[in-house]
Amino acid sequence: MAWAFAVFMVVGGIAGLIKGTAVTREIKQKLLQGNQSEKVALCHVSIRRIVLALAVCGLVAVTFAAGPVAAASRMQTQGRWIVDDQGRVVLPVGVNLVNKVAPYTVDALGFDEDDAQFLKDEGFTSVRLGVIWKEIEPLPGQYNTEYLDSIKQTIELLNSYGITTMVDQHQDMLNEQFQGQGFPDWAIYTDGWPNIIKAGFPGNQFVNTALQHAYDNFHANKTGPSGIGIANRFASMWGFVAGYLKDTEGIIGYDLYNEPWPGTSWVSCLTTAFCTGPDGKLAGIQQKATDKIHAVDPRVIVFYEPYSLFNQGTQTNVKTTGANTAFSFHVYCPSQFNGNYWACVDQDKRVFANADNHATPKNQPALLTEFGALKDSQVLRAQSDLAMSRKMGWYYWSYTGKNDITTSGPGEQEALVFDPAEEPSGDNIDDGKLAQLVVMHPNAVAGTPASYAYNRDTGVFTMTWSTMLPKGTRASNGAVTEIAVPTRTAPNGYTVEVTGGIVISAPDAPVLDIAQAGTPSQVTVKVTRAY
């Protein structure tokens, strides 16, 4: 009888509290008439929306999982997944952003608050932010903290909009003398080979012997200034960067070495079995850098990369070991750039399968950190859908083509925003690309994703997840899963069907929040665009 009275008081108290508040009529009705599981989940949202409801919910002695974090925070790895501080699986959907000419900062491109807001509005949750070793360490052992302060400010700006940052040591063809960028002049050793052929990007990798030997010497850790190996310098640089940024919120991880090239061994590395030596050198360099980073910030994820031949379907022997390590890969089929994507379909599938088969047995997440770089809607749709089918996060190349001196075509071919110095709207954005890349997608999953997909034509998103978290425990009542539903995907709103959970976000919110109701083994959701 006392229990019944308490329930009566709780329901009556909630009914009084929600009068005149922002709680929707639908939620009010469920609170008054719903079953116990629904009340458990809805009590959670009452805590979030009405401070006084905390006391009311306390009367029934129910505990709930913490709500979604308000801003981006450090992520870690759990098996093949990236997880947040609540143990939820995080699946970043983002863009690449880098300035490839001096001063190598994105604020010099004009990237600022309106760009961060644009990314948030379009449902992007992460940025792979390029940094340049040449600017970090202009002289051996001397680090440019003014440059790193600019990088930190960009990370903090993105974090204030709930967007994480992957810090990417970006290089394409090493250095300006090879029509590229990335490495400092003092780290380039060509052994006297002539730097004559100028075939641009990526042609120089195949035909410029001076460039090939510069890669070879870096991978061999050739002795450089002050008798220190240049690969050792590279690792120390990463340790300094990680130490400098270790207290900066919003970093999802560090991507060590963008698109390495096997130098003079590139022909033998077309066959994985003949690339064990070069792969071993590349793995060693990245392990040194990983160890330097984790010595100062063991919490952060460190992503390693294979040689860029992986992008076209070759396999790799490259790996790093230790906690919080992950695999970063790209997909670029050469035929996609001449309108013949039909020739790429099987190759792209092979790249994703290779990535999965490489990382999963090592209990490492695999993340697609570059794809696209063109306007072709078929390519963008197919490659982002492949990532979703593999339950992998992805980063499109690129937010802008401004100052991209190493790309396969004109900068406007790759850009979502043509000029970050101008407002990201109207003729300054590529709506055709955005129509393919702005999708409904999971942000954070209170459990383990089983499958998810988005149909751009029908505007339907479906997802199923197990309520078992990657760490091996069951998500608790009220645990919140977040699904991005950008306005571009549902301009007239959307409807939601859920089994095993309750919608707790406002109608047509750009982020759909679903609270687990009770202790189901799985939750399913269907989001349908309204017309």
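Predicted model, so just to flag it, every value in this text is computed and none were measured. (Residues numbered from 1 in each chain as written. Predicted model: local features only at pLDDT ≥ 70, side-chain atom pairs only at ≥ 80, totals over all residues. Heavy atoms only, no water.)

Novice: Sorry if this is basic, but what is going on with the environment of Ala-235 here?
Specialist: Among the structural elements, Ala-235 can be located in helix α10 (residues 230-245). By relative accessible area, Ala-235 is classed as buried at 3%. On a C-alpha basis, the gap between Ala-235 and Thr-290 in space is 7.7 Å, while along the polypeptide they are 55 residues apart. Once residues lying within four places of it in the same chain are set aside, the contact partners of Ala-235 are Lys-288, Ala-289 and Lys-292. (Helix = DSSP H or I, 4+ residues; strand = E, 2+ residues; numbered from the N terminus. Buried < 20%, exposed > 50% of the residue type's maximum accessible area, 1.4 Å probe, protein only. Contact = heavy atoms within 4.5 Å.)

Novice: Looking at this structure, how should I read the pattern of salt bridges?
Specialist: Close approach of charged atoms allows side chains with opposite charge to pair. Considering all chains together, one arrives at 20 salt bridges under this definition. Put simply, Lys-375 and Asp-430 hold a salt bridge, and the shortest N to O gap is 2.7 Å. Taken together, the residues span a long stretch of sequence, with Lys-375 in the loop between β10 (366-371) and α13 (377-389) and Asp-430 in the loop between α14 (411-414) and α15 (431-437) at a distance of 55 residues. For Lys-375, a relative accessible area of 36% corresponds to the partly exposed category. (Salt bridge = Lys/Arg side-chain N within 4 Å of Asp/Glu carboxyl O.)

Novice: Explanation requested: the sheet that holds strand β19 (residues 522-529) in the structure shown.
Specialist: Picture the strands of a sheet paired through backbone hydrogen bonds; they go either parallel or antiparallel. Read across the open sheet, the 4 strands follow the order β13-β14-β19-β16; overall the sheet is antiparallel. Bordering the open sheet on either side are β13 (448-455) and β16 (494-499), each of which pairs with just one other strand. On average, adjacent strands in this sheet sit at an angle of 10 degrees to one another, irrespective of strand direction. Both β16 and β19 contribute to a ladder of 6 bridges, which runs antiparallel. Looking at β19, one finds that Glu-497 is bridged to Lys-526. (Pairing = 2+ DSSP bridges. Axes fitted to C-alpha atoms, helices over the stretch in contact; angles between N-to-C directions.)

Novice: I tried to follow the side chain of Gln-212 on my own but got confused; where do I start?
Specialist: By the secondary structure assignment, Gln-212 is in helix α9 (residues 209-219). Here Phe-206 takes part through its backbone oxygen, which lies 3.1 Å from a polar atom of the side chain of Gln-212. Once residues lying within four places of it in the same chain are set aside, the contact partners of Gln-212 are Gln-205, Phe-206, Val-207, Gly-263, Thr-264 and Trp-266. (Polar contact = N/O pair within 3.5 Å; in protein donor to acceptor, adjacent residues only side chain to side chain.)

Novice: I keep staring at the packing of aromatic side chains and nothing clicks. Help me out?
Specialist: Two measures describe an aromatic ring pair: the distance that separates the ring centres and the angle between the ring planes. Across all of its chains, the model carries 27 aromatic pairs by this definition. When the ring of Tyr-304 is compared with that of Phe-327, the centres are 5.4 Å apart and the planes differ by 55 degrees; the resulting orientation is tilted. One end of the pair, Tyr-304, is in strand β8 (residues 302-304); the other, Phe-327, is in strand β9 (residues 325-331), with 23 residues separating them in the sequence. On the basis of relative accessibility, which here comes to 0%, the residue Phe-327 falls in the buried class. Centre to centre, the rings of Phe-371 and Tyr-396 are 5.8 Å apart; their planes meet at 80 degrees, and the pair counts as edge-to-face. You can see Phe-371 sitting in strand β10 and its partner Tyr-396 sitting in strand β11 (residues 394-396), a full 25 residues away along the chain. (Phe/Tyr/Trp six-rings, centres within 6.5 Å; stacked < 30°, edge-to-face > 60°.)

Novice: Whenever I open this one, the confidence of the model for the protein confuses me. Can you help?
Specialist: Parts of the prediction with low pLDDT should not have their coordinates interpreted in detail. Averaged over every residue, the pLDDT of the protein is 89; the share at 70 or more is 86%. Low pLDDT (under 50) marks residues 1-72, which in the prediction has 93 contacts with non-local residues, meaning those over four places away or in another chain. (pLDDT = per-residue confidence, 0-100.)

Novice: Mind showing me how you'd approach the environment of Gln-336 here?
Specialist: Mapping Gln-336 onto the fold places it in the loop between β9 and α12 (345-359). Since its relative accessible area comes to 1%, Gln-336 is described here as buried. Sequence separation between Gln-336 and Ala-373 is 37 residues; the distance between their C-alpha atoms is 9.9 Å.

Novice: How should the pairing of β10 be read in this particular structure?
Specialist: Within a regular strand, the side chains alternate between the two sheet faces. Extensive coverage of β10 is indicated by the burial of 6 of its 6 residues. Pairing analysis gives 5 bridges linking β9 to β10, with the strands arranged parallel. In the sheet register, Val-331 faces β10, and the bridge partner there is Phe-371. The β-α-β motif built from β9, the intervening α12 and the parallel element β10 has right-handed crossover chirality. (Right-handed = clockwise from strand over helix to strand, strands pointing away.)

Novice: Mind showing me how you'd approach α13 here?
Specialist: In an α-helix there are 3.6 residues to a turn, and that puts residues three or four apart on one side. Over its 13 residues, α13 runs 18 Å from end to end, which matches the ideal 18 Å to within 8%, given 1.5 Å per residue. Along α13, the residues classified as buried are Val-379, Leu-380, Gln-383, Ser-384, Leu-386, Ala-387 and Met-388. The N-capping residue of α13, defined by a side-chain oxygen 2.9 Å from the backbone nitrogen of Gln-378, is Asp-376. Phi turns positive one or two residues past the end of α13, at Lys-391, with a value near 60 degrees. (Expected span 1.5 Å × (residues − 1).)

Novice: Looking at this structure, how should I read a nonpolar patch on the surface?
Specialist: Together, Ile-196, Ile-197, Phe-206 and Val-207 give the surface a local cluster of nonpolar side chains, amounting to about 360 Å² of exposed area. Tracing the sequence through the fold places Phe-206 in helix α8 (residues 200-207). (Patch = residues over 30% accessible without salt bridge, like charges linked within 9 Å, V, L, I, M, F, W, Y side chains within 5 Å. Areas by Shrake-Rupley, 256 points an atom, 1.4 Å probe, with all protein chains shown as cover.)

Novice: Explain α9 here, please?
Specialist: Counting buried positions along α9 yields 9 of 11 residues, so the element is predominantly enclosed. For α9, the set of buried residues is Ala-210, Leu-211, Gln-212, His-213, Ala-214, Tyr-215, Asn-217, Phe-218 and His-219. Along its buried surface, α9 packs onto α6 (133-136), α8, α10 and α11 (276-296). Its side-chain oxygen 3.0 Å from the backbone nitrogen of Ala-210, Asn-208 forms the N-cap of α9. Once α9 finishes, Asn-221 follows within two positions and takes phi at roughly 60 degrees, a positive value.

Novice: Help me understand the packing of α8 against α9 in this model?
Specialist: Helix packing for two helices is described by the angle between their axes and how far apart those axes are. At a minimum axis distance of 6 Å, the contact between α8 and α9 shows a crossing angle of 75 degrees. It follows from the interaxial angle that α8 and α9 lie roughly perpendicular. Within the contact between the two elements, α8 uses Asn-204, Gln-205, Phe-206 and Val-207 and α9 uses Thr-209, Leu-211, Gln-212 and Tyr-215. Counted by class, the contact of α8 with α9 contains 4 nonpolar, 4 polar and no charged residues. (Parallel < 35°, antiparallel > 145°, perpendicular 65-115°, else oblique. Nonpolar A, V, L, I, M, F, W, Y, C, P; charged D, E, K, R; others polar.)

Novice: Looking at this structure, I do not really get a negative patch on the surface. What am I missing?
Specialist: Among the surface-exposed residues, Asp-112, Glu-113, Asp-114 and Glu-423 lie close enough to one another that they form a single negatively charged patch. Relative to the assigned elements, Asp-114 resides in helix α5 (residues 113-121). Residue Asp-114 is classed as partly exposed on the basis of its relative accessible area of 30%. (Lys, Arg positive; Asp, Glu negative; His and termini not counted. Charge placed at Lys NZ, Arg CZ, Asp CG, Glu CD.)

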